[in-house]
Amino acid sequence: MAAEHFTTHYGFVVDYLAEALRELRKQNFTEGLDRHFSVGSHLNARDAKSVRKTVAGLLKLLHPDKEFSRDELREYLELAIEGRRRVKEQLKKMGSLSTTR
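All residue numbers refer to position in the chain's written sequence, counted from 1. Note on the predicted model: pLDDT of at least 70 is required for a residue's local features to be given, and 80 or more for side-chain atom pairs to be given and counted; whole-chain, interface and lining totals, by contrast, use all residues. Excluded from the side-chain calculation are hydrogens and water; included are all heavy atoms of the structure.

Caption draft 1: Region of the structure containing the overall build of the protein chain. Across its full length, the protein chain holds four helices and zero strands. Both definitions apply: the radius of gyration is a C-alpha atom measure, and the globule rule equals 2.2 Å times residues to the power 0.38. Taken over the C-alpha trace, the protein chain has a radius of gyration of 19 Å; the compact-globule value for 101 residues is 13 Å, which it surpasses by more than 25%. If you line up the protein chain on its principal axes, its C-alpha atoms span 60 × 45 × 20 Å. Within the protein chain, residue pairs in contact and separated by at least 24 positions form 67% of the contacts whose partners lie at least 6 positions apart. Approximately 8,100 Å² of the protein chain is accessible, and the part contributed by carbon and sulfur atoms is 57%. Between the mean site of the 19 positive side-chain charges and the mean site of the 15 negative ones, the protein chain shows a separation of 11 Å. Only DSSP runs of H or I covering at least 4 residues are called helices, and only runs of E covering at least 2 are called strands; the numbering of each starts at the N terminus. Contacts: residue pairs with any heavy atoms within 4.5 Å of one another. We get accessible surface area from the Shrake-Rupley algorithm with a probe of 1.4 Å; when it comes to residues, only the shown protein chains can shield them. Think of it this way: Lys and Arg go in the positive column, Asp and Glu in the negative one, and His and the chain ends go nowhere. Here the site of a charge means atom NZ of a Lys, CZ of an Arg, CG of an Asp or CD of a Glu.

Caption draft 2: How the structure looks around the pattern of salt bridges. One side-chain nitrogen of Lys or Arg within 4 Å of one carboxyl oxygen of Asp or Glu is enough to make a salt bridge. Applying the stated criterion to the full structure yields 11 salt bridges. With a shortest N-O distance of 2.8 Å, Arg 86 and Glu 82 are connected by a salt bridge. Of the two residues, Arg 86 and Glu 82 both sit in helix α4 (residues 70-100), four residues apart, roughly one turn of that helix. It is possible to trace a salt-bridge network through shared partners that takes in Glu 19, Arg 22, Glu 23 and Lys 26.

Caption draft 3: The arrangement of the nonpolar core in detail. For our purposes a nonpolar core is just a set of buried Ala, Val, Leu, Ile, Met, Phe, Trp, Tyr and Cys residues, chained together by side-chain atoms within 4.5 Å. Each residue is assigned to one of three classes by its accessible area relative to the maximum for its type, calculated with a 1.4 Å probe on protein chains only: buried under 20%, partly exposed between the two thresholds, exposed over 50%. Judged by nonpolar contacts, the single largest core of 16 residues is most densely connected at Val 51, Val 55, Leu 59, Leu 73 and Leu 77. Put simply, the parts of the chain that give this core at least two residues each are α3 (45-62) and α4.

Structure representation (structure tokens):
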């Protein structure tokens, strides 16, 4: 490949990926979660929304064809719940730091 064939700017791959991801934003991937699982009453509305959006995002990235198993969905749900738990722990720590100053 000659040097004149390379670009110093974004190329086709990035543009194509950005367009594909933009199109995926329009699609609803939460119906798979709703079909197999319910987030339960132990999560408040804000936490449930966050978990649902995280699972939907993982499904969009890993299964854009909407072909996934119940076990895969369970794994993504567990990851999302764990991620939300960690966010809440950090928020509590940050809150206690600001009140001690």
